[in-house]
Amino acid sequence: MSEVIDASHDHHDHHGPAAGLARWLFTTNHKDIGTLYLWFAFLMLLIGGTMALIIRAELFQPGLQFVAPEFFNQMTTNHGLIMVFGAIMPAFVGLANWLVPMMVGAPDMALPRMNNLSFWILPFAFGMLISTLFMEAGGPNFGWTFYAPLSTTYAPETVTFFIFGVHMMGASSIMGSINIIATILNMRAPGMTLMKMPLFVWTWLITAYLLLAVMPVLAGAVTMMLFDIHFGTSFFNAAGGGDPVMFQHIFWFFGHPEVYIMILPAFGIVSAIIPTFARKPLFGYDSMVYATASIAFLSFIVWAHHMFTVGMPLAGQLFFMYSTMLIAIPTGVKVFNWVATMWQGSMTFETPMLFAIAFVVLFTIGGFSGLMLAITPVDYQYHDTYFVVAHFHYVLVPGALFSIIAAVYYWLPKWCGRMYDEKLGKLHFWLSFIGVNVTFFPQHFSGLAGMPRRIPDYALQFADFNMISSCGAFIFGFSQLLLMYIVIKAIRSGQPATDRVWEGAHGLEWTLPSPAPYHSFTEPPKITDADAHS
Amino acid sequence: MSSGTDHSAYYVPENGWYPVWVALAIFLMLGGGAVWLNDLKAGDEPNITLTLIGLVLLAVVLFAWFAKVIEENQQGLYSPQLNRSFVWGMGWFIFSEVMFFAAFFGALFYARHFVLSWLGGEGDKAITGEYLWPEFEAVWPVVSNPDPSVFTNPGESMASPGVASWGGYLPFWNTVILLTSSVTVHFAHTAIKDQQRTKLLSWLGLTVLLGIAFLILQVEEYIHAYQELGLTLSSGIYGSTFFLLTGFHGFHVTLGTFMLMVMLFRAFKNHFKPEDCFGFESASWYWHFVDVVWLCLFFFVYVF
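Residues numbered from 1 in each chain as written. Chains lettered and ligands numbered in written order. Predicted model: local features only at pLDDT ≥ 70, side-chain atom pairs only at ≥ 80, totals over all residues. Heavy atoms only, no water.

Draft legend 1. Examining the confidence of the model for chain A more closely. The share of residues in chain A with pLDDT of 70 or more is 96%, and the mean pLDDT across the chain is 94. Across residues 1-15 of chain A the pLDDT falls below 50, and counting only partners more than four positions away or on other chains, this stretch makes 25 contacts in the model. (pLDDT = per-residue confidence, 0-100. Contact = heavy atoms within 4.5 Å.)

Draft legend 2. How the structure looks around the packing of aromatic side chains. All names here are of chain B. As enumerated under the stated definition, the model contains 87 aromatic pairs over all chains in all. Ring geometry for Tyr-11 versus Tyr-78: centroids 5.9 Å apart, planes at 40°, classification tilted. Separated by 67 residues along the polypeptide, Tyr-11 in the segment before helix H1 (18-42) and Tyr-78 in the loop between helix H2 (49-74) and helix H3 (80-119) bring together distant segments of the chain. The exposure class of Tyr-11 is buried, given its relative accessible area of 6%. Between the aromatic rings of Trp-17 and Tyr-18, the centroid separation amounts to 4.6 Å while the plane-to-plane angle is 40°, which identifies the pairing as tilted. (Phe/Tyr/Trp six-rings, centres within 6.5 Å; stacked < 30°, edge-to-face > 60°. Helix = DSSP H or I, 4+ residues; strand = E, 2+ residues; numbered from the N terminus. Buried < 20%, exposed > 50% of the residue type's maximum accessible area, 1.4 Å probe, protein only.)

Draft legend 3. Highlighting the interface of chain B and chain A. Between chain B and chain A, the residue contacts involve 75 residues of the former and 80 residues of the latter. At the junction of chain B and chain A, the tally comes to one salt bridge. The interface formed by chain B and chain A holds 15 residue pairs in polar contact (both at pLDDT 80 or more) in total. Looking at the side of chain B that touches chain A, the elements with two or more residues in it are H1, H2, H3 and helix H7 (236-268) of chain B. It is H3 of chain B that provides the largest number of residues to the side of chain B that touches chain A, a total of 20 residues. For the side of chain B that touches chain A, a count of residues per class yields 45 nonpolar, 21 polar and nine charged. (Salt bridge = Lys/Arg side-chain N within 4 Å of Asp/Glu carboxyl O. Polar contact = N/O pair within 3.5 Å; in protein donor to acceptor, adjacent residues only side chain to side chain. Nonpolar A, V, L, I, M, F, W, Y, C, P; charged D, E, K, R; others polar.)

Draft legend 4. Representation of the domain arrangement of chain B. All names here are of chain B. Examined at the domain level, chain B breaks down into domain 1 (13-75) and domain 2 (82-303). One C-alpha centre belongs to domain 1, the other to domain 2, and the line joining them spans 26 Å. Across the boundary between the two partners, domain 1 contributes four residues, which contact four residues of domain 2. Roughly 330 Å² of surface becomes buried between domain 1 and domain 2 when both sides are summed, with 46% attributable to carbon and sulfur atoms. Of all residues in domain 1, Ile-70, Asn-73 and Gln-74 give up the largest surface area on contact with domain 2, accounting jointly for 87% of the area buried on that side. In this structure, the connection of domain 1 to domain 2 is made through zero salt bridges. Of the residues assigned to the side of domain 1 that touches domain 2, the class counts are two nonpolar, two polar and no charged. (Domains from an automatic or database assignment. Buried area = accessible area lost by both parts, 1.4 Å probe.)

As structure tokens, this is what we get:
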């Protein structure tokens, strides 16, 4: 029956995919599934981005202009949920699907059918979530952190759809992680030892463990919400001996590892791109691996730094403050390693490199504001202000999202066999770079001055910063349409790419032809030192 | 690649319709479930059709999917490497289940040790309890809620009566049953390794019976709790944690028993060989897992 693989081959061309819609619905191919994930994530980016622009349009001036406060709440909530679970995470999973098998020298993902299931759950889950916006009761309006009792006692009835949507996203993530772990641990080509793996593979291995550990906890949290709402339990209701603060603990036990889930693969991407364009091997490979593992471990013991103002014993405040500050050490190791990699390198500044360097600089700014937030006494001042919004957008937009965009520019020629337009790519970079800073940098100031987050109206003294911020948001938002244009143009009519694509690129994926064949490695490749991690 | 004949012996299945239908089935089941729950809450005429359609669809597709995997394995398409992928998959799936229960155990510990003392007037947040419900006494099991007008007090808890009287204590017998079943399923595994069909069938059959016995006793206990003790899901934090923990455990035992029944059926059809019986092994790992969860339940929910 080994011809089953051939059977689907000869329909159209020698690459092997089935024809039409069936290819995408029924595929078991890691590249097809990776493509599905990436386009889905981009669609979600546009939907979540539209919500962000509605928010920024409303905040352009003080007073209520465009939307009702109730709808504004739905926008902040769904913007957060869609960007976190619909855009950033699926984009990283899509990259893992495309790249991990090629990087470790495997024919495909370890469990190809489950791979398909992991993806196809997502459109249904987000269909369910987004449909609530069109229901009579309105969509979820309690913030992406869905604190009880806002999300239980006072929630709109559509919260039930939200809960089941989260269950579905969780199932998708868990299956995806299991698949990635099995692929990395079981499918490496002979000679591809763990410490030869590219850092993107390492960071994803560790991310997959984080997902496996915390997505079930999130499922547990929403399950308790479901029972409180529909079956009369009192987990988050003090009248029955429960506690709303308990919800926050359980949520952030998931939530803090979750934010590293959204940044560790980014570290892997940047660690691949910088050596290529600095034409030097990555500085401190081993320390990068250990730093990633340390960050992952620390992510489990810092969760309550999100909740300093809710009240906790002094010992708890000190513990969570110091353990949070500890994270700066492995993170600093990484930043210094990237800088040391560039030091005295023969650097060129193609679009992926520009995004990667911007990542290093701007993510570091986001990391530093995180350190400020970690200091318990001053967090009392910053908590729930725009300073927090500025902080996490600096790590998520020029952090996670920039790394994803960098990865798309970097590997796109390998995926589709054609180069993107370098001039347009640079234009896209500068528009994004300026847009992102104009949007989020002023939010530090309005936050420090006391502007609370999640409100549709604000006091007059914040007007200038908000107007600047809104202008930046529209520049940034519409620039992403340019990304879509550049990618489609490359796929349809880009210049043919060479196999190696980038002069300084190392790693197994560059030994394959461009575009990469439908089945990556028909037999395990030989691992040479040059093709080991870059 | 054009040839595609040798994929280093790692079998990559052709395109398949199963996954996308599973996704659709889950969507119908949960979407229908949400509509149904909301109707119930609003007091409208509830309609469960969509959920049932989803459930049936899920069952049908999963049956076909598993049948296909078994068939492919019997055709010799699976290499030892591929079987290792299944091992990793099942192992880490069980780990994720452990974390699911960890969330509920975490809630139990948090409620008992922190919430209870705060509501009872100790520690940092004691003022809440003092201000709202000064009469509340912090005693676990909570049989007298902070505000009994919102959450009706249970008449009695399920707490263990002390080791001396465990002879008449149903959860104790359930513990004995589950522990025994872990041993019998291990004997069944040994029987596969020794290629002793009759032994395999009898030990595995006994395990399934023990699983069913556990479930019957568990239902009996719930009836007792609801009808005689007045302990329900809505009788405050004790009832909440008790029923959620034991309920999800019971649901997992149901799944595990079902898996073992499938394995019994496959044993009748001589599917298992000493070197190739991962289907059985994964069901038995799952069974040991629900057993361990029960031990934690027995001690932390019933005894202490």
